[in-house]
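# Reading the structure
This is what each chain is made of:
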Amino acid sequence: MRILLVGAGLSGAVIGRELAEAGHDCRIIDARPHIAGNCHTERDADTGVMMHVYGPHIFHTDDEGVWDYVNRFARFMPFQNRVKTTAQGRVYSLPVNLLTINQFFGTTLRPEEARAFINSKADTTITDPQSFEEQALRFVGPELYEAFFKGYTEKQWGCSPTELPASILKRLPVRFNYDDNYFFHRFQGMPQNGYTAMVAAILDHPRITVELGTEYSAEMAAEADHVFWSGPLDGYFDYRLGRLGYRTLDFERFSHDGDYQGCAVMNYGDRDVPYTRITEHKHFSPWESHQGSVCYREYSRAAEPGDTPYYPIRLVKEKSLLEQYVDLAHATPGVTFVGRLGTYRYLDMDVTIREALDTAKKFTNHAADMPAF
Ligand code: UDP
């Protein structure tokens, strides 16, 4: 079959590869001048540092199949994300762990003591936390919430944490030991030559053609037997019901001679610091050595038409609009909507790859009755 895949990010590349291996001809287009979507990496021209052009991407998964898959296409170097945060004039360890708690409260608590201490601060009247704020007050109490989560989240999402779903905070653990690894997954690492090289290897198949700087057109779809759409869900329908909300990021680049902050990611919890975090990219490749350093100050704002969409907002307003678009998607035969933008979900890379592998499998097994969404 002739397959058109719109978007050369992880979803498009993995589905394209799987279908190419199953004997289908895959045409992959992307409006941007590069592959790999928002995990695109490239070396900085001045310093040679591998840059995460659209912000930090750290590969972590518990899915052995996904880990094996990515290791087929890239050599993964050991990397653990050890994030720090600057809040109220001091630097702390994230995610909230025993060091954070003891430093913040000036205590020397052991694990069980810390658990009891934090429990005594938690608002136990909240039995079923719905919002981000309720989740925080229920599990870490007001002081840590104010210092580390409230201001950061207001900056990141542009709204009050009372309006955000609890699920966003559930991404972050609270640990009553000194483990400061941001992720709890068994498999973690960083592709040695960046994500773009990995995606290029996935796309390297004789049945795959890739056209960059190429916008989708209905004529292209007409030439294909099936379309996989990994662009914005509402974009496929020309935003006819209105726009789903996204946050976009602006990066303010600056260079530094030597080591600027001593870690890859420094968050800024205070509301009056306008950026959410500073990323120093060379620390994502600790096996390389570079004298020069390049950093990004990261600012979050509502995406306007034409901006790169990053985070789906999914407030109540978006949810009802999303349902209407999902109904439209279901009623669109011959098109499968995939990935973060195509399904309007906050997806990590490993989940994106898992879903892409499963989608491709479903397609090769049941191409005739492939569901539209
Ligand atoms: N968050 C926070 N303070 C921090 C880091 C994260 O309040 O120092 C909140 C924030 O709302 C963020 C969410 O936790 O959107 C998830 O954080 P994560 O680090 O997973 O975000 P990502 O790296 O995907 O932007």
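All values reported here derive from a predicted model rather than from experimental measurement.

Before going further, it helps to examine empty space enclosed by the protein. Across all of its chains, the model carries one cavity of 30 Å³ or more by this definition. As a volume, the largest cavity reaches approximately 30 Å³. Lining the largest cavity, in full, are Met-50, His-52, Met-190, Pro-191, Gly-194, Tyr-195, Phe-284, Ser-285 and Trp-287. Listing elements by their share of the lining of the largest cavity, those giving two or more residues are β4 (50-52) and β9 (187-191). Of the residues assigned to the lining of the largest cavity, the class counts are six nonpolar, three polar and no charged.

Backbone torsion omega between Leu-94 and Pro-95 reads -15°, so that peptide bond is classified as cis. One non-glycine residue, Arg-314, lies in the positive phi region at around 60°. Mapped onto the elements, Arg-314 comes out in the loop between β16 (311-312) and α11 (316-330). Under the relative-accessibility criterion, Arg-314 is labelled partly exposed at 27%.

This next bit is on the domain arrangement of the chain. The domain architecture assigned to the chain consists of domain 1 (2-79 + 188-243 + 314-369) and domain 2 (92-169). Taking only C-alpha atoms, the centre of domain 1 and the centre of domain 2 are 34 Å apart.

Thresholds, definitions, all that
- Residues numbered from 1 in each chain as written.
- Predicted model: local features only at pLDDT ≥ 70, side-chain atom pairs only at ≥ 80, totals over all residues.
- Heavy atoms only, no water.
- 1 Å grid on protein atoms, 1.4 Å probe; cavity = no way out; pocket = protein on both sides within 12 Å on 5 of 7 lines; lining within 4 Å.
- Points joined across faces, edges and corners; volume = space filled by probe spheres on them.
- Helix = DSSP H or I, 4+ residues; strand = E, 2+ residues; numbered from the N terminus.
- Nonpolar A, V, L, I, M, F, W, Y, C, P; charged D, E, K, R; others polar.
- Buried < 20%, exposed > 50% of the residue type's maximum accessible area, 1.4 Å probe, protein only.
- Domains from an automatic or database assignment.

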